[in-house]
Amino acid sequence: MKLVPLSYNLRSLIVRRGPTLLTVLGIAATVATVAGVLALQQGFATLYAENGRADLAVVMRPGATSEGVSSFTREGALRIAKSTPEFAVDANGAPLASLECFLAVRRYRVDGGETNVPLRGVQPATFAIRGDELRMSEGRNFVAGTDEVIVGRSITDRINNCHVGDVLTINVTPFKVVGVFECDGPFESEIWGDFDRMLSALDRFGPNRVLGKLAEGTDVQALDARLRESRETPAAVTTERDYLTAQTEVLSAILVFLGAFLGLIMGVAAVFTATNTMLSAIASRTPEIGILLSTGFRPLSIFLSFLFEAVLLGLLGGVLGALLVLPLNGIQTGTTNFQTFTEVAFGFRITAPVLLTAIGFSLALGVIGGTLPALRAARMTPTEALRRQ
Amino acid sequence: MDLLRLVWRNLWRRKLRTFLTVGSLVVAFFLLCTLRTLVTTIQSGADAASASRLIVQSAVSLFVDLPQSYQTKIQSVPGIEGISKWQWFGGYYQEERNRFAQFAVDPAETLEIYPEMQITEGSAEAFEKQRRGALIGTGLVEKYGWKLGDTVPILPELFPHPDGPGIAWEFEVAAIYEPTARNFDPNMMMFHWDYFEDTVKAGSGEAPGVGTYILALEPGADPTAVMGRVDALFENGPQRVQTTSESEFQKQFVSMFGNVPFFVSAIGGGVLIAILLAVVNTMLMAGREQTRDIGILKALGFTDGDAVKLLALQSMLICLVGAGLGLLLAQVTEPGIAGALGSMFPGYAVTSSTYALGAVVAVGLGLFAGIAPAWRAARLDTVQALSAKD
Amino acid sequence: MSQQNGIQLRQVTKTYTRGGETLRVLDELDLAMEAGHFYALMGPSGSGKTTLLNLIGALDRPDSGEVIVAGEDLARLSRSELSDWRAGNVGFVFQGFNLIPVLSALENVMLPLALTPLSKKERRERAEFALDLVGLGDRLGHRPTQLSGGQEQRCAIARAVVTDPTVILADEPTGDLDRDSADQVLELLRRLNAELGKTILMVTHDPHAAESAQRVVRLDKGRLIGIEQREPAAASMTEGAS
């Protein structure tokens, strides 16, 4: 079967550049909107999932879905930290486990409005466990046992009193900001200080969770099962990676749903536009179709030719749309994660799946929008098409 | 007028195209309307607030409770008529996705403080007397089919049942309220503080803290002065408090949405650009097809202005019909969407300002999309237009 | 009176630029045509026939010279005044019929009446009368695509006369028609001239069509070659009618 040369389609797209441009731009706007939402979801989800470690155990009260609602007595938590053989030990034989307290505290944004910022009290062991995950980018780390805090890089410019040298009052106790740290995970949206000083400032008694480094080869499920059965202090164990992934499920699902919803509705409008453009292209090229048919091209060739043209329209729109969202990559933003009720800062991430979805989406728009007009063109008879000069 | 007839007939000249364009407009305006309603709903929580109520909460964190001992101290502040303890229970019904607001409250005081809750079934007395009695909103009745006398099991997340993990708290529906104010959440459940406290104590041995104290002001009391006096009571701990008007209290939740309203607006912008291009495209195609018609009209003695009208009216009509149907769709789907969003976005309702904005955007779109083809039609040379192909 | 209602062209020049080349389509043309007569305008392709027709119908303006139709110097009128003038004074008949495809025969004929102060009912009656006149009284609701070529052209003629103009300008009205339909159209034009006293100017290639006219104007290269008087069967009737 002889195919209509592709140059024919390219040329007619150029000749009809007005409608071509408008359609491509319309598809681009659609693709860019959907890709933007997906980029947001990717930025949010990967922030948690990619940076959670599989060799760290998060120990919480059974039934607690996040550390904010988990709590232990100090004695119970200490018992878990000190006498869990699955935890790795440091050079001196001390277990690599740390008590942590956590509270989303009321803070004010630089640009106005209240929000909830995670405040974490940690023991020195936390830094031994984390190694170089946290990097001080400004100032120094806090000194254990003092009223000093360090602040994550991504909130220094968003939340009041978070620069080195500022004083941050927690309940009635003033804390001094002595350093700013960077970290790839969600900790970069947090304020960290000494565990005991935090508890005292907050007028609380026990930690929220125990963080432990797992010895190599630990069966986390078995550990979880054993600790749940504990008489004195029942506890649940997950890896940090699983814990963080679970924290993103709701917001991720909302964003994916929003992306799909927008894709569907805006996609309908974009398909309609593509159909209109192709119908008009075919109407104005009816005599040409007559000539093609009379020179021996089969209806299927005609169909494929016009479908190809529509797909090309879609693809151009998809590529342009992808280019439009590319500058968003890395732009930081923030919203409240409704599972933890704390504000997280994260960036748009234009990942390969985002780009592939955008291009795939645009191709689908082209195919769906082009099918009806291409069918119409293929069904013409040569005499009828030639007559309509 | 005959020109109008020509406008109408030309819209039917390419039925499929007109249908597709109107279809795009319908979905686009539906989307715009829905997105804007999300934003107005997020921001409208504060509108339902009463000026005669104050909320006392921890100044440290949304998640920190206040001691019960604060109640008598707060009550002593002049200007306060009523006070109720409130605690967020944070449970769910059967499955995690069935979440709604549950509060442990002082029943009699709460009913006095919130005249917006009109009891339609059961009675205030029944609610106050029954120890495990619960007051639920009409929204929950619709959603879960509960009725008076039903036992409702709620699985706790924050306050485990003393009998063990995974055991539900059980409440009995003693009264049903209907909100008399538009933005008042109809999806709340309230139950007795005493039952709550005793059950928690039976488990942990400790009395639960108070999430917020709700204050009703005496008529004529100065809210700012009362707020200042309450805050001053606990200036030096143990737990600092923050007393705000009800609307300020609501605004902190609005503020938590952070950039969400901005994102939603940005998405709306994308939708608007896409639909604008679609309508402009359609009108340019229509204008090109009607070139010869315009030549004929001009030869018959119609003016350039008539040619402009012919195309501008087509554009306007397409936009108005599409937008009108889109807004209608938004209105028809309003209860469905409100139900799907549930208590996360209580009070999803398309406001009249959204309809008005939709109308303005539609007219603007119609004008803008008509400009290029109308301008071209006005300037068309009659002789050349007459020789144009169909 | 005939002098006042006639058509006078004085020193009319019209040039077009096409592909960078300037064409002098009409070259200082002087021409006078009397009211109430049926003129055929003949000449080879490019002799300026259609241009002349467009100037007389105020669809186009000359580069220089005067075009006076029905006592009005068209060069002095603004674009919108020209529109009004066309609406009241000329009717056009084109080779390609130029009916509006989305309107029915009746609606097409009613269209120019939209520019008059007539009531809807009067417009309808007039249009029906005009369609009756051209023999399409039974085709009122048909769309142009549902009419034959000859019927379309007769419908176009009905549209041209419905406003009761003094001048009817026809550009190759029989060019796209078969012989029988062409004869019907020519007969119709003759009757309009004879019975209603319309001044008719018809551009044509076809000597057979030109035989219907009383006078034949010949153009070549934008200049007037001559006006020949034919033996008009209807000449006496014209005088009788006016």
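Residues numbered from 1 in each chain as written. Chains lettered and ligands numbered in written order. Predicted model: local features only at pLDDT ≥ 70, side-chain atom pairs only at ≥ 80, totals over all residues.

## Quick word on helix α9 (residues 249-284) of chain A
Our working definition: Every helix listed is a DSSP run of H or I at least four residues long, and every strand listed is a run of E at least two residues long, numbered separately from the N terminus. Expected helix span is given by 1.5 Å per residue-to-residue step, counting one fewer step than there are residues. Across the chain, bend at a residue is computed as the angle between axes fitted to the seven residues ending at that point and the seven starting from it.
In this model, α9(A) (36 residues) spans 51 Å end to end at C-alpha, consistent with the 52 Å of a helix rising 1.5 Å per residue. Taking the largest bend as the criterion, α9(A) deviates by roughly 25°, centred on G267(A).

## Here's the deal with the sheet that holds strand β7 (residues 167-171) of chain C
Residue and element names in this part refer to chain C. Condition: Strands were regarded as paired on the criterion that DSSP finds at least two bridges between them. Axis definition: a line fit to C-alpha positions, over the contact stretch in the case of helices; interaxial angles, taken between N-to-C directions, run 0 to 180 degrees.
Read across the sheet, 6 strands follow the order β6-β7-β8-β3-β9-β10 without closing on themselves; strand pairing throughout is mixed. Strands with a single pairing partner mark the edges of an open sheet, and in this sheet they are β6 (90-93) and β10 (223-229). Looking at each pair of strands side by side, their axes are set apart by 20° on average, direction ignored. In this structure, β7 lies alongside strand β8 (residues 199-203), joined through 5 bridges in parallel fashion.

## Focus on the confidence of the model for chain C
To be explicit about the condition: The predictor attaches a confidence to each residue, called pLDDT, with possible values from 0 through 100.
For chain C, the mean per-residue pLDDT works out to 87, and 93% of the residues sit at or above 70. Quick note on the complex model: pTM equals 0.78, ipTM equals 0.81.

## Quick notes on the interface of chain B and chain A
Threshold: We call two residues in contact when the distance between their C-beta atoms, placed using the backbone, is within 7 Å. Each residue is assigned to one of three groups, with Ala, Val, Leu, Ile, Met, Phe, Trp, Tyr, Cys and Pro labelled nonpolar, Asp, Glu, Lys and Arg labelled charged, and all others, Gly among them, labelled polar.
The interface of chain B with chain A comprises 44 residues on the first partner and 47 residues on the second. Looking at the side of chain B that touches chain A, the elements that each hand over two or more residues are α2 (15-44), α9 (246-256) and α10 (260-289) of chain B. The dominant element in the side of chain B that touches chain A, judged by the number of residues it contributes, is α10(B), at 14 residues. Here the side of chain B that touches chain A is built from residues that sort into 27 nonpolar, 14 polar and 3 charged.

## Looking at the packing of α10(B) against helix α13 (residues 352-379) of chain B
All names here are of chain B. We apply this condition: An angle below 35 degrees is read as roughly parallel, one above 145 as roughly antiparallel, one from 65 to 115 as roughly perpendicular, and any other as oblique. The hand of a helix crossing depends on one turn: near helix anticlockwise from the far one by less than a right angle means left-handed, and clockwise means right-handed.
The contact between α10 and α13 brings their axes to 9 Å, and the two run at 30°. Taken together, α10 and α13 sit at an angle that is classed as roughly parallel. The two elements α10 and α13 meet at a crossing, and its hand is right-handed. Residues L276, V279, V280, M283, L284, A286 and G287 of α10 form the contact with α13, whose own contacting residues are L365, F368, A369, G370, A372, P373, R376 and A377.

## Describing the interface of chain B and chain C
Tallying the contact residues gives 20 residues for chain B and 21 residues for chain C. When residues of the side of chain B that touches chain C are traced back to their parent elements, those giving at least two are α1 (2-13), α11 (291-299) and α14 (382-386) of chain B. The residue inventory of the side of chain B that touches chain C, partitioned by class, reads 9 nonpolar, 4 polar and 7 charged.

## Quick notes on the domain arrangement of chain B
The criterion, for reference: The domain limits used here are those given by an automatic or database domain assignment.
On domain assignment, one finds that chain B holds domain 1 (2-45 + 258-386) and domain 2 (65-238). Spacing between the C-alpha centres of domain 1 of chain B and domain 2 of chain B amounts to 48 Å.

## Things to note about the arrangement of the chains
The top pair by number of contacts, from a total of 2 pairs of chains in contact, is chains A and B. Between chain A and chain C there is no contact, and the shortest C-alpha to C-alpha separation is 12 Å.

## Some words on the UniProt feature "transmembrane region" (unreviewed entry) in chain B
Residues and elements named next belong to chain B. In plain terms, the rule: UniProt positions are given in the numbering used here, feature names are shortened, and annotations may be inferred rather than shown by experiment.
The residues that UniProt annotates with the feature "transmembrane region" (unreviewed entry) are residues 262-286, 307-332 and 352-375. For residues 262-286, helix accounts for 100% and strand for 0%, while the C-alpha atoms at its two ends are 36 Å apart. Between the end C-alpha atoms of residues 352-375 the distance is 34 Å, and the span holds 100% helix and 0% strand.

## A word on unusual backbone geometry
Residue and element names in this part refer to chain C. The test is simple: Neighbour density around each residue's C-beta defines its exposure: 20 or more other C-beta atoms within 10 Å make it buried, 12 or fewer make it exposed, and counts between make it partly exposed, where C-beta atoms are placed from the backbone.
One non-glycine residue, A58, adopts positive backbone phi at about 60°. Locating A58 in the fold gives a position in the loop between α2 (49-56) and β4 (64-69). Here A58 falls in the buried class, since 25 other C-beta atoms lie within 10 Å of it. Here the phi dihedral of D164 falls at roughly 60°; this positive angle occurs in a residue that is not glycine. Summarising the element assignment, D164 is placed in the loop between α6 (149-161) and β7.

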